[in-house]
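# Descriptive analysis of the structure
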Amino acid sequence: MGYDVTDYFTINGKSFPMTQPIRVKKGDVVRVRFIGAGGEFHEMHLHGHDMLVTHKDGLPLPHPYYADTVLVGPGERYDVIVKMNNPGRFIFHDHIDRHVTARGKFPGGAITVIEYDGIPKEPWYVWAKKDYQPNFFYSDSMKEGYGIFNNPDFAGQPLERQRRRHGDE
Ligand SMILES: [Cu+2]
C-alpha cells in the first residue's frame, strides 16, 4: 500500500544545501531556464534583481516582461534573462514555504544563492566553504543557444529521408 506525499523539492535533482550557488561577476548576463519537472506550482523568486521573462515553453514571447517572481506550473518552461548589476549575495528560491523544506525541515529544497565575485564570505554563511561544481546548472550547454530544436542532434530528419529509410515509398 502506498500514496504520494510530496515532501522533497529540488533544483537540478538536489535539495538545499546540496544545490550549488550561481557565481557571477558584475556585468554578467545570466539566462535561467525553469522547467517545472514536478507536480506542483513553483514561485521562483530572485532577490535584488528583476528577471526578464523572454520565452515560455520554448517559444519567444512577443512581449518579454520583467518579474521578480515566476510562477512555474507542472510541465511548464520559462526562460529568463538577468543582468547582474547589484553586487552582493542574494537568495534565489521558491516562495512557497513548503518547497524550501526537505522532508519537513527548513531550510531545504529549492534554494540557491547568487554569489557575486569579490563579496567576502562570512564564516556563518552556510556556503562559505562550498565545494563548487561550476556546471551544476548546465551552464556549458546554456551557452549553446535557445531550445533543443536548435541543436543538430535533435533536428530530426526531413520527411522524405524518413520515408525512404522505412521503405514505405
Ligand atoms: Cu524570496
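Let us look at the structure shown here. Source: prediction; values computed, not measured.

What counts and how
- Residues numbered from 1 in each chain as written.
- Predicted model: local features only at pLDDT ≥ 70, side-chain atom pairs only at ≥ 80, totals over all residues.
- Helix = DSSP H or I, 4+ residues; strand = E, 2+ residues; numbered from the N terminus.
- Buried ≥ 20, exposed ≤ 12 C-beta atoms within 10 Å, placed from the backbone.
- Core = buried A, V, L, I, M, F, W, Y, C linked by C-beta atoms within 7 Å.
- Contact = placed C-beta atoms within 7 Å.
- Pairing = 2+ DSSP bridges.
- Axes fitted to C-alpha atoms, helices over the stretch in contact; angles between N-to-C directions.

Check the secondary structure of the protein chain and you find two helices and nine strands. Going from N to C terminus, the protein chain has its helices and strands arranged as β-β-β-β-β-β-β-β-β-α-α. Per-residue burial for the protein chain yields a buried fraction of 17% across its 169 residues.

Okay, the nonpolar core next. Counting eleven residues, the largest nonpolar core consists of Ile 22, Met 44, Leu 46, Met 51, Val 72, Tyr 78, Val 80, Val 82, Phe 92, Val 113 and Ile 114. The set of elements that each furnish at least two residues to this core consists of β3 (42-46), β7 (77-83) and β9 (111-116). Considering every element that reaches this core, the biggest residue donor is β7, with three residues. Apart from residues lying up to four places away in sequence, Val 72 is in contact with Phe 34, Gly 36, Phe 41, His 42, Met 44 and Tyr 78.

The four strands are arranged β2-β7-β4-β5 in an open sheet whose pairing can be described as antiparallel. Each having just a single partner strand, β2 (29-35) and β5 (59-67) make up the two edges of the open sheet. Neighbour-to-neighbour, the strand axes of the sheet open up by a mean angle of 25°, direction not taken into account.

Here five strands make up an open sheet; going across it, the order is β1-β9-β8-β3-β6 and the pairing mixed. Of all the strands in the sheet, just β1 (22-24) and β6 (69-72) have a single pairing partner and so form its edges. Between one strand axis and the next, the sheet turns through 15° on average, direction left out of account. Here three bridges tie β3 to strand β8 (residues 89-94), and the two strands are oriented antiparallel to one another. Bridging across to β8, Leu 46 finds its partner in Phe 92.

This brings us to unusual backbone geometry. Note the cis peptide between Phe 16 and Pro 17, where omega equals 5°. Mapping Pro 17 onto the fold places it in the segment before β1. The step from Phe 106 to Pro 107 runs through a cis peptide bond, and the omega angle for that step is -5°. Its place among the elements puts Pro 107 in the loop between β8 and β9. Positive phi, normally seen in glycine, also occurs at Asp 57, with a value near 50°. If you trace the backbone, Asp 57 turns up in the loop between β4 (51-56) and β5. The phi dihedral of Tyr 138 falls on the positive side, at around 55°, and the residue is not glycine. Relative to the helices and strands, Tyr 138 is located in the loop between β9 and α1 (139-142). Among the residues examined, Tyr 138 registers 11 C-beta atoms within 10 Å and is labelled exposed.

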